[in-house]
Amino acid sequence: MGKGASMAPSSSSSLSEGMMKKILLSYAYVLIWIFLSFTVIVYNKYILDKKLYNWPFPISLTMIHMAFCSSLAFLLVRVFKLVEPVSMSRDLYISSVLPIGILYSLSLWLSNSAYIYLSVSFIQMLKALMPVAVYSIGVSLKKESFKTDTMANMLSISVGVAIAAYGEAKFDSWGVILQLGAVAFEATRLVMIQILLTSKGINLNPITSLYYVAPCCFVFLSIPWIFVEYPILKETSSFHFDYVIFGTNSLCAFALNLAVFLLVGKTSALTMNVAGVVKDWLLIAFSWSVIKDTVTAINLFGYGLAFLGVAYYNHAKLQAMKAKEAQKKAAQADEEAGKLLEERDGEGMGKKTDAQD
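Figured I'd write up the structure that's included with this text. Since the model is a prediction, treat every value here as computed from it, not as a measurement.

Right, let's talk about the packing of aromatic side chains for a bit. Scanning all chains against the criterion turns up twelve aromatic pairs. Measuring from ring centre to ring centre gives 6.2 Å for F122 and F171, while their planes differ by 55°; the resulting arrangement is tilted. One end of the pair, F122, is in helix α4 (residues 120-127); the other, F171, is in the loop between α6 (148-166) and α7 (173-196), and 49 residues separate them in sequence. Ring centres of Y211 and Y212 lie 4.9 Å apart, and the angle between their planes is 80°; on these two criteria the pair is classed as edge-to-face. Residue class for Y212 comes out buried when judged on its relative accessible area of 9%. A network of ring pairs unites the aromatic residues Y46, Y53, W55, F57, F241, Y243 and F246 as a single cluster.

The subject of this paragraph is the packing of helix α5 (residues 130-140) against α6. Across the interface, α5 lies against α6 with an axial gap of 9 Å and an inter-helix angle of 140°. Regarding α5 and α6, the two cross each other, and that crossing is left-handed. Here P131, V132 and Y135 of α5 come into contact with α6, specifically with T150, M151, M154, I157 and S158. Residue composition of the contact of α5 with α6, grouped by class: six nonpolar, two polar and no charged.

Once that is clear, we can look at the side chain of T208. Its location among the elements puts T208 in helix α8 (residues 206-228). Setting aside chain neighbours within four positions, we find T208 in contact with V83, E84 and P85.

Inspection of the secondary structure assignment puts L282 in helix α11 (residues 269-289). Classification of L282 by relative accessible area gives partly exposed; the value is 42%. Measuring from C-alpha to C-alpha, the distance between L282 and I34 comes to 9.2 Å, with 248 residues separating the pair along the chain. With sequence-adjacent residues up to four places away left out, L282 is seen in contact with I34 and F38.

So, how was this worked out
- Residues numbered from 1 in each chain as written.
- Predicted model: local features only at pLDDT ≥ 70, side-chain atom pairs only at ≥ 80, totals over all residues.
- Heavy atoms only, no water.
- Phe/Tyr/Trp six-rings, centres within 6.5 Å; stacked < 30°, edge-to-face > 60°.
- Helix = DSSP H or I, 4+ residues; strand = E, 2+ residues; numbered from the N terminus.
- Buried < 20%, exposed > 50% of the residue type's maximum accessible area, 1.4 Å probe, protein only.
- Axes fitted to C-alpha atoms, helices over the stretch in contact; angles between N-to-C directions.
- Left-handed = near helix turned anticlockwise from the far one by under 90°.
- Contact = heavy atoms within 4.5 Å.
- Nonpolar A, V, L, I, M, F, W, Y, C, P; charged D, E, K, R; others polar.

Keep in mind these numbers describe shape, not what the thing actually does.
As structure tokens, then:
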């Protein structure tokens, strides 16, 4: 008895230690993702802003990122074999991956271009429209069912962003168009991943996504680059490629994809959404205090309203996921109970037959 009693506290303490370790690791993944996402956004702003590093070539910067990420993803998948590739035919690549790659390249091009015209804080406020865009496109493509309460929530987010835009001190129409375009393309990409890949049983993690998507992004972006940025870069003889700046910037972009892989794999996509909200507030505070961007009271009120809408949307998604999981477990329990009853009936019939014999 004494021996068993002494073992019980030991097992419970080891269990609590294991749980604590899991919780601490989850927080570590969240902090790493927030830090890298924060770094990439501020670093891109630094490079592209005419008042800072003054290299306003968003297509070129995106192509550098894609070339770097493609190379590292190839090494991880094909050379070091740390990540398993997905079996994919050429027809499937052209019909499914290529459209997603084009949407991704357009999203990155426009979002990087917006940094030239808008403040970091205002860009984060406009990004709050992402759930609105994803839901609206999902409904239009019949991947989401229309719900009045969800649409009302989407409208509250939109109103909040509109108020934040109204209070923006350095409002630039072209910058807003670029950022809204980036949100629309990214939302379309997320919905198309469900339609073109997930529905076919193809699940790409961030590394295999880069392995398949980044090369076609690079090729697609080279078309507008030849006409838009290459002639200007050719005439700018004073420019010398800074391997330290662009190398570390690209490394941060690749590390961010690894962090997404860790965060979603070890926690959930919903955790990343919640962490994203924390990151947005940190970026707004950084933009105001360090970069000295103007953040008005109307800005904060509008974004606060949008933030509440996004928080409610994430909460509703979490409740829906829990309800779905509970239904799945109930169905499995019913199935197991049914099998047990069938086995018992079979045994009973067997005993009756033996008795008759």
